[in-house]
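Residue-level structure breakdown
Here is what each chain is made of, one letter per residue.
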Amino acid sequence: MSALTIARSGAQVVLIDENDQPGGQLCKQIHKFFGSKDHRAGVRGYRIATELLEDCAAAGVEILTDTVVFSIQDCTLGLAHRDDCFYLKAQAIILATGASENPLAFPGSTLPGVMGAGAAQTFVNLHRVLPGRRVLMVGGGNVGLIVSYQLLQAGAQVVGVVEALPRLSGYQVHAAKIKRAGVPIWTGHTVLEANGDQEVQEVTVAAVDDHFQPLPGSERTLAVDTICLAVGLTPLAELAWQAGCRFFYQSALGGQVPLHSVNMESTVPHIYVAGDMAGVEEASTALEEGTIAGLAAATAMGCSVPQAELEAAQERLASLRRGPFGDLRQRAKSELIKRWTDCHPGE
Ligand SMILES: Cc1cc2nc3c(=O)[nH]c(=O)nc-3n(C[C@H](O)[C@H](O)[C@H](O)COP(=O)(O)OP(=O)(O)OC[C@H]3O[C@@H](n4cnc5c(N)ncnc54)[C@H](O)[C@@H]3O)c2cc1C
């Protein structure tokens, strides 16, 4: 979204992605998004990615795929493409590198068959390969619920979803779909251990008390060949660390996140941040942050950007964070912006 916004403002843009198709998580999201029309409700995630890429191509964005950014210094990026390595100097850089899945350590967690839910989603939706036939999902947030449903659609049996919290953090609409398909959801439960000879063959889960300690006698052992972990995401912000950006820990946003202004500028001049790497949220918020970062970077490079456009994007972003689901994230973001402002007195 940033690349498109800047290109439409008249600047030259290079979009770099390590995959053979840019679009990030959207490329593997086969479900229809919901929310408002402004945020493409009713459109499937991968379609959103395709539309954005078509718009980028039409706006003249140069797209480098299969290219990893491995370094960043003084607005110069180090790039690796297959056997080549080269450098690119930019007037402004927008980092939108996403997030990585959190692991969970338990006896047997290194056995083949234990994987991130996002990895299972990549198997099924991108490569059309079932990672296993009998799956336990660990984590009842939106990722765990959505991937459970997609595994069912692909023909796997989901033997259950365990969630350590007393209630699910994912949306009811996603939980209802898998409940209707007969998948048991065990809240207040965790995974104790996985066992198997060469790979996962069974898993033991148990209820937990208020301190997340297993309750003796509540153990149950299930035959599975796959255990998917959907226990949160951590911002993938190494490039921002390398660039010297200042960070602050915000658990509501996934951990250490770069401080940024209301316009998504980091504490290092000319470097902007957007999306999950600036705090794990949703595609809709990532798109709006990308728009804001793009408009701000274009303005800083001397392009003429109507102030009203920036304000409208900021208002749309604020509206996404209103209400019970967004409130915690809104407060965490306000703290980041306040700390950024403290580093830039007078701005
Ligand atoms: C299962 C699942 C379901 C979801 N469902 C919804 C939903 O219904 N609605 C919603 O709003 N959100 C949903 N989300 C969340 C949404 O997908 C993310 O919030 C959004 O994709 C974040 O966008 P992003 O651009 O910040 O990161 P990403 O989409 O992760 O994109 C980052 C890109 O940067 C690339 N990259 C990273 N590092 C480098 C590097 N060094 N060099 C080159 N390239 C690099 C990555 O490969 C990737 O392509 C869902 C997420 C998951 C996992």
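The model shown is predicted, which means the values in this text are computed figures rather than measured ones. (Residues numbered from 1 in each chain as written. Predicted model: local features only at pLDDT ≥ 70, side-chain atom pairs only at ≥ 80, totals over all residues. Heavy atoms only, no water.)

On to helix α9 (residues 327-343). Across its 17 residues, α9 extends 25 Å between first and last C-alpha, which sits within 8% of the 24 Å expected from 1.5 Å per residue. Within the span of α9, buried status applies to Arg329, Ala332, Lys333, Leu336 and Trp340. An end-on view of α9 places all buried positions within 100° of arc, on one side of the element. Those residues of α9 that are exposed and aimed more than 90 degrees away from the buried face are Leu328, Arg331 and Asp342. Buried residues in α9 make contact with β17 (247-250), β18 (255-258) and α7 (283-300). (Helix = DSSP H or I, 4+ residues; strand = E, 2+ residues; numbered from the N terminus. Expected span 1.5 Å × (residues − 1). Buried < 20%, exposed > 50% of the residue type's maximum accessible area, 1.4 Å probe, protein only. Arc of directions from axis to C-beta. Contact = heavy atoms within 4.5 Å.)

Moving on: the sheet that holds strand β3 (residues 67-73). Taking strand neighbours across the sheet as the criterion, the 3 strands line up as β3-β4-β5 in an open arrangement whose pairing is antiparallel. Every interior strand has two partners, whereas the edge strands, β3 and β5 (84-89), have only one. When the angles between neighbouring strand axes are averaged without regard to direction, this sheet yields 25°. One ladder, built from 6 bridges, connects β3 with strand β4 (residues 76-81); its direction is antiparallel. By the bridge assignment for β4, Thr67 is matched with His81. (Pairing = 2+ DSSP bridges. Axes fitted to C-alpha atoms, helices over the stretch in contact; angles between N-to-C directions.)

We now examine the nonpolar core. Grouped together as the largest cluster of nonpolar side chains are 47 residues, with contacts concentrated most on Ile72, Ile93, Leu95, Ala240, Cys245, Ile271 and Met277. Counting only elements with at least two residues in this core, the list comes to α1 (2-8), α2 (45-58), β4, β6 (93-95), α6 (238-243), β19 (271-273), α7 and α8 (307-320). It is α7 that contributes the most residues to this core, 7 residues altogether. In this view, Ile271 contacts Ile72, Ile93, Leu95, Ala243, Cys245, Glu265 and Ser266; residues no more than four positions away in its chain are not counted. Of all hydrophobic cores here, the second largest spans 19 residues; its members include Met115, Ala156, Cys228 and Ala230. (Core = buried A, V, L, I, M, F, W, Y, C linked by side-chain atoms within 4.5 Å.)

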